[in-house]
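Remarks on the overall topology
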Amino acid sequence: MLCGIIRIMNKFIIKHEEYIKRTYQLAKSAQEKGNHPFGALLVIDNKVVFTAENSVISDNDITRHAELNLVSKVTQELDPEALSQGILYTSTEPCAMCTGAIFWAGISNIVYGCSAVVLGEIAGGTFVVPCRDLLKYGKRQINVVGPVLEDQGAAIHRNFWKASE
């Protein structure tokens, strides 16, 4: 019985890594478009149903983080039950603004690549709040997994923030 659980858990971890790698591709795509390197996607029933990239620079709007772009799309297109069953994957741990939007959208699962603390160390963050710290004040539980493949995400940020100095 225990072996079966371990196998299932290992398969689940591999899936997380696969989806985080896709968010890193989205982050690189955002960067190629002149934006900050962040990407997010929503998975329901092991299928990617929506993707989004950071568009802060191209939209000239500081709120256009990848997670907010995603939440804006999915809340218009999906019902609350689907959102609660989905997993939001994001290249970097959601900031305070995005964490709030994810909470209010009813999304119950977050998996992130690079942690907010590591991003803060790389980019010189001045408002670094891990999403778990914010979510513990919510009236419903949100499952958070991360960091996943953090070294890969940190490398993307190091390359970007070093070049933009």
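Residues numbered from 1 in each chain as written. Predicted model: local features only at pLDDT ≥ 70, side-chain atom pairs only at ≥ 80, totals over all residues. Heavy atoms only, no water.

Time to look at the sheet that holds strand β2 (residues 47-53). Read from one edge of the open sheet, 5 strands run β2-β1-β3-β4-β5, paired in mixed fashion. Every other strand in the sheet has two partners, leaving β2 and β5 (143-145) as the edge strands with one partner each. Within this sheet the neighbouring strands show an average axis-to-axis angle of 20 degrees, counted without direction. The pairing of strand β1 (residues 39-44) with β2 spans 6 bridges and is antiparallel. (Pairing = 2+ DSSP bridges. Helix = DSSP H or I, 4+ residues; strand = E, 2+ residues; numbered from the N terminus. Axes fitted to C-alpha atoms, helices over the stretch in contact; angles between N-to-C directions.)

Let's shift gears to helix α5 (residues 116-123). Think of an α-helix as 3.6 residues a turn; residues three or four steps apart then line up on the same face. Among all positions in α5, only Ala116, Val118, Leu119, Gly120 and Ile122 are buried. Those residues of α5 that are buried lie in contact with β3 (87-92), β4 (109-114) and α7 (150-163). Trailing α5 by a residue or two, Gly124 shows a phi angle of about 75 degrees, which is positive. (Buried < 20%, exposed > 50% of the residue type's maximum accessible area, 1.4 Å probe, protein only. Contact = heavy atoms within 4.5 Å.)

Turning our attention to the confidence of the model for the chain. When pLDDT is averaged across the chain, the result is 91; 90% of the residues are at 70 or more. Confidence drops under pLDDT 50 across residues 1-9; counting only partners more than four residues distant or on other chains, this segment forms 0 contacts. (pLDDT = per-residue confidence, 0-100.)

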